[in-house]
Amino acid sequence: MERPNAWKTYDEAALAAVENTSRNYKAFLDAGKTERECALTAIDMAKAAGYIDLKDAIKAGKPLNPGDKVYVNCMDKAVMLFLLGQHPLDEGINIVGAHTDSPRIDLKQNPFYEDTDFAYADTHYYGGIKKYQWVARALALHGVVCKKDGTKVNIVIGEDPDDPVVGVSDLLIHLAAEQMGKKASEVITGEGLDIILCGQPLKDEEKEPVKATLLKILKEKYDIEEEDLLSAEIEAVPAGKARDFGLDRSMIMGYGHDDRVCAYAALEAILSITEAPAYTCCCLFADKEEIGSVGATGMQAHYFENAMAEMIALTGNYSDLRLRRALASSRMLSCDVSAGYDPLYAAAFEKKNAAMLGRGVCYNKFTGSRGKSGSNDANPEYLARLRKIMDDNNVCWQTAELGKVDVGGGGTIAYICALYGMEVVDSGVAVLSMHAPEEIISKADLYEAVKAYRAFMVEAGK
Ligand code: MN
Ligand code: MN
C-alpha cells in the first residue's frame, strides 16, 4: 500500500501553484516567529478578507448569517476564524486546528547579569529541545515588554540584515575533551543557555559597566527599564528567514514549521473559501501545545467553546443544549506535524507506517507513546469518510505513525477537542529535524495540506 509521490502528479499549473503557496508560506513564517506574531499576522489577513471581530458583532448585537465571517482574538496568542455555513451550528462545524507556539529559549523574568566583561540574559527553554543545537548560532529576540503605565513595547532584534544578532557561545573543540565525553543531553545544560547581549563597558561606570551598556541601549532605543523585564515575554529564536532547501528547491528550511506549516495551510484554506459553505468552517490557532496545551491560550482553555456559545447566541436562540449539540456533532482535523522518515535515522521508523516527505498530507489515526498512551485514536468510520473527501478532491495523502512502537511518541490537541464528543483525527505535514532550530518540509506536502484542509472545510459533514 505504498502511497504515490505528489510531485509526480503535478503539471505546470500545479507546480506554479505549489511555488505560489510556498512563497506566501515563507513570508508567513518570516512574519511570525512567535505565537503572538502568528496570531496578529493571521488577524491582519483575516480582516483583509472581510472577517470582523466577534467582540464587535456581540457589542452591536449583529445577527450572524450564512456567509458571515468572524474572528476571535484570544489574548493576542490564540486565534479562531469562523466562516458561517448554511446549516445551523447545532449540526456541527468543520474545524481545522493547529498550534503556533514553537520550541525556543525564553528570557527569565530577572534575566540580566554581568560576568567578565559580558552582559548576559539568563533563560529558561520552552518545549522539547536538544540544547546542544541552540549554541553557536545566530539568535534573534522577539517579544513584548509590558510597562506599569499600560503601554506595551514590541521587540524584534536580529531579523533586519543591519540588525545585530545575539547567541549562546560553545567551547572550542581543542578544550572540549571532557565535554565531548558527556551524554548529548548533558553537553549543554538548561542553565548553560545564557545569551550574550553586550561586550562593551560603559565609560566611567564602576559597577557592572557592560550591563550598564545594555541598560542604556534598552532605555534609549525602547524606553524600558530593567524592572520592566519583570512583565515581559522575550523569546530567543533562530535569526533569519525561511529558505528554499535542496538544489531543486523542493523543500523549505526554516524555524517553526512545527506547527506553523499546518496553521498556515488551515489559514490559506479558509481564506480561499468565499461563499457560504454547507457547514460553518473554523480555522483555529492554539498556543502552548508544546508545554501541554495549558494556560488561558492553550487548547485546554474554554475559548473555543465560549466562541461557539456566542455565535449560537448571534444566530438565534441560545441554549446549553444547542451548544452541546454543536460541539458534539462537529468534525475536526487536529493538525500537527508528523515525523518525516529520515534514511539517516531509519532505525527510529517502521517504514511502511512512516510519513514520507513529498507524499502528501498525513493522517495519523493515533499518536501517543507506549501503548498509544495520550492518544486520540480516531474512529475508522470517520477515517473512511475522510478518505472519500480526499480522493474525490485529488488530494495526495498518506497515513503515518510517529516512529517505531516504543521508541518514543508525542501528543497533540486532538484528545482535548475529542472530549466534546466530536470526531477528531490527527493530520499534518511531515517534517525532518523536527524541533531543531531549523526544520525541513517538502513544498508538495504544504500544498497538499492546503488542498486537504480546504476540501475538509467544504465537504465534511455532508
Ligand atoms: Mn506540534
Ligand atoms: Mn512540537
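Residues numbered from 1 in each chain as written. Chains lettered and ligands numbered in written order. Predicted model: local features only at pLDDT ≥ 70, side-chain atom pairs only at ≥ 80, totals over all residues. Heavy atoms only, no water.

Caption draft 1: Looking closely at the overall build of the protein. When helices and strands are tallied, the protein shows twelve helices and 22 strands. By the compact-globule yardstick of 23 Å for 462 residues, the protein fits well, its C-alpha radius of gyration being 23 Å. Projected onto the principal axes, the alpha-carbon positions of the protein cover approximately 75 × 55 × 45 Å. Split into buried and exposed, the 462 residues of the protein put 52% on the buried side. Partitioning the intrachain contacts of the protein with sequence separation of at least 6 by distance along the chain shows that 76% fall at a separation of at least 24. If you sum the accessible surface of the protein, you get close to 21100 Å²; carbon and sulfur atoms cover 52% of it. Treating the 51 positive side-chain charges of the protein as one cloud and the 70 negative ones as another, the clouds have centres 4 Å apart. (Helix = DSSP H or I, 4+ residues; strand = E, 2+ residues; numbered from the N terminus. Rg over C-alpha atoms; globule rule 2.2 N^0.38 Å. Buried < 20%, exposed > 50% of the residue type's maximum accessible area, 1.4 Å probe, protein only. Contact = heavy atoms within 4.5 Å. Areas by Shrake-Rupley, 256 points an atom, 1.4 Å probe, with all protein chains shown as cover. Lys, Arg positive; Asp, Glu negative; His and termini not counted. Charge placed at Lys NZ, Arg CZ, Asp CG, Glu CD.)

Caption draft 2: Just the pairing of strand β12 (residues 251-254), in detail. Of the two faces of β12, the one lined by I252 and G254 is fully buried and the one lined by M251 and M253 carries no buried residue. Sheet topology places strand β11 (residues 243-245) next to β12; three bridges connect them, and they run antiparallel. What sits directly across from D244, in β12, is I252. In textbook terms, the turn of a hairpin is the stretch between consecutive antiparallel strands, and for β11 and β12 this stretch comprises five residues, one of which, G246, has a positive phi near 95 degrees. Pairing analysis gives four bridges linking β12 to strand β22 (residues 439-442), with the strands arranged antiparallel. Each residue of the ladder has a partner; that of M251, found in β22, is S442. (Pairing = 2+ DSSP bridges.)

Caption draft 3: Looking closely at the sheet that holds strand β16 (residues 361-364). Strand order in the open sheet made by the nine strands is β1-β2-β3-β13-β4-β14-β20-β16-β18, with mixed pairing throughout. Whereas interior strands pair on both sides, the edge strands pair on one side only; in this sheet they are β1 (52-53) and β18 (397-399). Packing against the sheet, helix α2 (residues 35-48) makes contact with β2 (69-74), β3 (78-83) and β13 (281-286), and its axis sits at approximately 160 degrees to β2. Across the sheet, helix α7 (residues 257-271) lies against β3, β4 (94-99), β13, β14 (331-335) and β20 (423-428), angled at about 150 degrees from β4, the strand it touches most. (Axes fitted to C-alpha atoms, helices over the stretch in contact; angles between N-to-C directions.)

Caption draft 4: Representation of empty space enclosed by the protein. In total, this model carries three cavities of 30 Å³ or more according to the counting rule given. Of the pockets and cavities examined, the largest cavity occupies roughly 60 Å³. In terms of residue class, the lining of the largest cavity is built from five nonpolar, two polar and four charged. Roughly 40 Å³ of internal volume is contained in the second largest cavity. If you trace the second largest cavity, you find it lined by S102, P103, Y255, G256, D258, H435, A436 and E439. (1 Å grid on protein atoms, 1.4 Å probe; cavity = no way out; pocket = protein on both sides within 12 Å on 5 of 7 lines; lining within 4 Å. Points joined across faces, edges and corners; volume = space filled by probe spheres on them. Nonpolar A, V, L, I, M, F, W, Y, C, P; charged D, E, K, R; others polar.)

Caption draft 5: Representation of the nonpolar core. Counting 56 residues, the largest nonpolar core has Y25, L81, L333, Y363 and Y453 as the members making the most contacts within it. Counting residues per element, this core draws most heavily on α7, at nine residues. The residues touching Y453, leaving out its near neighbours within four places in the chain, are V96, C262, A265, A266, A269, L333, C335, V361, S427 and G428. Listed in part, the 36 residues of the second largest apolar core include V70, F82, I93 and A286. (Core = buried A, V, L, I, M, F, W, Y, C linked by side-chain atoms within 4.5 Å.)

Caption draft 6: Spotlight on the coordination of the manganese ion (ligand 2). Here the manganese ion (ligand 2) is held by the protein donor atoms D258 (OD), E290 (OE), E290 (OE) and H435 (NE2), which lie 2.1 to 2.6 Å from it. Written as a sequence motif, the donor arrangement for the manganese ion (ligand 2) is D-x31-E-x144-H. A separation of 3.3 Å is found between the manganese ion (ligand 2) and the manganese ion (ligand 1), both of which receive a donor from D258. In this pair, D258 sits in helix α7 while E290 sits in the loop between β13 and α8 (303-315), placing the two residues 32 residues apart along the sequence. For the pair shown, D258 and E290 are each scored as buried. (Donors = N, O, S within 2.8 Å, 3.2 Å for Na, K, Ca; no water.)

Caption draft 7: Seen up close, the packing of α2 against α7. Relative to each other, α2 and α7 sit at 10 degrees, their axes nearing to 11 Å. With respect to each other, α2 and α7 are oriented roughly parallel. Contact residues: α2 offers E35, C38, A42, M45 and A46, while α7 offers R260, Y264, L267 and L271. For the contact of α2 with α7, the class distribution of residues is seven nonpolar, no polar and two charged. (Parallel < 35°, antiparallel > 145°, perpendicular 65-115°, else oblique.)

Caption draft 8: Region of the structure containing the domain arrangement of the protein. Domain boundaries in the protein define domain 1 (6-102 + 255-459) and domain 2 (104-238). Using only C-alpha atoms to locate each centre, domain 1 and domain 2 end up separated by 33 Å. Opposite the 19 residues of domain 1 that make contact, domain 2 presents 16 residues. Taken over both partners, the interface formed by domain 1 and domain 2 buries close to 1500 Å², and the fraction arising from carbon and sulfur atoms is 47%. When the buried area of domain 1 at its contact with domain 2 is split by residue, K33, R36 and P437 rank highest and sum to 34% of it. (Domains from an automatic or database assignment. Buried area = accessible area lost by both parts, 1.4 Å probe.)

Caption draft 9: Here's a closer look at the coordination of the manganese ion (ligand 1). Bound to the manganese ion (ligand 1) on the protein side are H99 (NE2), D258 (OD), D336 (OD) and D336 (OD), at distances that span 2.1 to 2.5 Å. Coordination of the manganese ion (ligand 1) draws on donor residues from a single chain, spaced H-x158-D-x77-D in sequence. For H99, a relative accessible area of 1% puts it in the buried group.

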